[in-house]
Amino acid sequence: MAAATVDLQPCTGNIRAVTSEVTAVSIISKKMELIRNLFIGFPDLWGGGVAHSVMVLALVISLGLALGKIKVANISLGLTWVLFIGLVFGHFCFNLDEHLLHFLKEFGLILFVYSIGLQVGPSFFASFRRGGLPLNMLVLAVVSVGVTMAVVLHFTTGIPITTMAGILSGAVTNTPGLGAAQQANSDLNHIDSPDIAMGYAVTYPMGVIGVILTFMALRYLFRLNMQKEDSQAATGLGHLEELTVRTFTVEVENEMIEGRTVEHVHELLNRNFIVSRILHVATGEFNEVVNGKTVLNKGDKLLVIARPNDIEAITALLGVPAEVDWGNYNNELISRRILVTKPEINGKTLAQLKIRSNFGANVTRVNRSGVDLVASAGLHLQMGDRVTVVGNELAISHLEKMMGNSLRRLNSPNLIPIFLGIALGCIVANIPIIIPGIPESLKLGLTGGPLIVALLIGWLGPKHNLVTYTTISANLMIREVGICIFLACVGLGTGRDFFSTVISQEGLTWLGYGVLLTIVPLLTGALIGRYFMKLNYFTLIGVLAGANTNPPALTYANELTQSDSPAVGYSTVYPFAMFLRIVTIQILILVLG
């Protein structure tokens, strides 16, 4: 009987096909699980896994920064979009481990606050001298009105002080204030309060728009002649006259000055000014480096650099205003800006360098952080200063070698002051301060501690030959990275309940309170500044933008005028306003929390 044979080829093919399908399904399943874990997190790993945590944080920041580029009516919410995207991710549970989230939030805040303090430190204490004191007192009044209103609303409405602190921080667009409130509440109650961030997020957009709308309304409220205001701002007179410098030409007509030296004129006037160029009309000579021994004669024409409020006195003593095209007298003497980049120059005064006697050149002005300073003998130079020098080519080349004038050297980051300062700031942050009547000891926290240390290092460093300079780009990078990490983490941690709160009646009530906290203090400050301090409109709105630490408002103010009055007013009060916002919000939480 013949053995039966069975063809197994079809079965083998089917088995292979089924196995291949199972394998494909398994691979797809694993890929889907990988993608799911990448977004939701790996449950077996602390923090959900490194890749998951970094990816979520990077996506929030990237999307937020991209949306921050969008402008409507030339107004953008900027970095605040990072917070809003974080809220969306948090709402859909794309989140980080709570311990990792807390660490990243605090670390980002430290980087942000410290970089701000390091930048404004050199000008913080100087802003209280000369013309800056009354402007900073106006800022104090604006901040006081806002804080007082927040306290009154807290007691009359029953809104928790944590929520009110967030509403106030958003209304004045002060992100460090948000961080300070959260840190103070964490120190006091040992838990995070999500309503601080929710209050901030609800009121921040109107905080940006409300300031600009207030500036528009002031033009009609004060019935301003904008051309007149602009021409007055261009002269630099008013409260900014001691914070800026101007160049003007004067012809010597006073017979009492005949044969006198520049040094003698300095003694008579007792004012800071620099004679940059001199044209001896009698002899036709003009290629002379002016110093204290230069003799003045009747008919000489001088190019003088001084503060606006000194111009009238200088002109009255020397003679009469004159018009000279100094561009026709640059055959031998040239003017050049030299960048101070050598550490050994840091902290030295112009008198110590003896530039006139040693090099035959004349320093006419010093530009620091965008503000021109009169080159007085006692002025301390700092790394990053741009020094305007007049002299011949050989003298200026020697000065360039002495001062450095190397962008490459400035581009090398000076990291020791940053990390050492942060370490000291963390120590200062935890020093207990006992205040009678407050149950808990007051601590500066991780906002106040690094800020105070950074201000002191930035101010005292150059005076003690400690190089604290970081380039504007490096400082901005640290600041932006820090604030982006902080805002992303705040959004991720608060997003779960945010949208349900916003669309409720409670959220609309918060928005209304935020509008009041934005507009009322600004109107109060505007009335005081205009009618009691007689501030020019452009100076006034620059100061008010600084009081709210509001860069979009400054951008709007700068677009209204060709003068630098808004920018000078803003930079004069910004350090003090930032300090007040951070400190007062912490006191609110610690006293009423």
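Thresholds, definitions, all that
- Residues numbered from 1 in each chain as written.
- Predicted model: local features only at pLDDT ≥ 70, side-chain atom pairs only at ≥ 80, totals over all residues.
- Heavy atoms only, no water.
- UniProt positions renumbered as here; feature names shortened; annotations may be inferred.
- Core = buried A, V, L, I, M, F, W, Y, C linked by side-chain atoms within 4.5 Å.
- Buried < 20%, exposed > 50% of the residue type's maximum accessible area, 1.4 Å probe, protein only.
- Contact = heavy atoms within 4.5 Å.
- Pairing = 2+ DSSP bridges.
- Helix = DSSP H or I, 4+ residues; strand = E, 2+ residues; numbered from the N terminus.
- Axes fitted to C-alpha atoms, helices over the stretch in contact; angles between N-to-C directions.

You'll find the protein entered in an unreviewed UniProt entry as Putative permease membrane region, with Segatella baroniae F0067 given as the organism. Recorded under Subcellular location (unreviewed entry), the UniProt text for the protein is reproduced unchanged: "Cell membrane". Its UniProt record gives the protein a comment under Sequence similarities (unreviewed entry), which states: "Belongs to the AAE transporter (TC 2.A.81) family."

Asker: Explain the nonpolar core here, please?
Answerer: Most often, soluble globular proteins keep nonpolar side chains buried together rather than apart. In this structure, V60, V139, M164, L168, F215, L517 and L544 are the most contacted members of the largest nonpolar core, which totals 100 residues. Excluding anything up to four places from it in sequence, L168 contacts G146, V147, A150, L517, I585 and L588. V245, V340, I355 and A395 belong to the second largest nonpolar core, which has 24 residues in total.

Asker: Got a minute to help me understand the sheet that holds strand β2 (residues 273-279) in this structure?
Answerer: Within a sheet, adjacent strands bond to each other through the backbone by hydrogen bonds, running parallel or antiparallel. The strand order across the open sheet formed by four strands is β2-β3-β1-β4, and the pairing between neighbours is antiparallel. Each edge of the open sheet is held by one strand with a lone partner, namely β2 and β4 (319-321). Adjacent strand axes in the sheet meet at a mean angle of 35° when their direction is disregarded. Relative to strand β3 (residues 301-306), β2 runs antiparallel, the two being bridged by six bridges. Bridged to I274 within β3 is I305.

Asker: Please clarify how the side chain of S169 should be interpreted in this entry.
Answerer: Positionally, S169 belongs in helix α6 (residues 161-171). Under the relative-accessibility criterion, S169 is labelled buried at 2%. Filtering out sequence-adjacent residues up to four positions away, S169 remains in contact with N174, G177, L178, Y200 and I585.

Asker: What's the story with the environment of G542 in this structure? I'm lost.
Answerer: With respect to the helices and strands, the residue G542 is situated in helix α20 (residues 537-547). Put simply, G542 and A567 are 25 residues apart on the chain and 6.2 Å apart in space, counted from C-alpha to C-alpha. Beyond its immediate stretch of four places on either side in the chain, G542 contacts P566, G569 and Y570.

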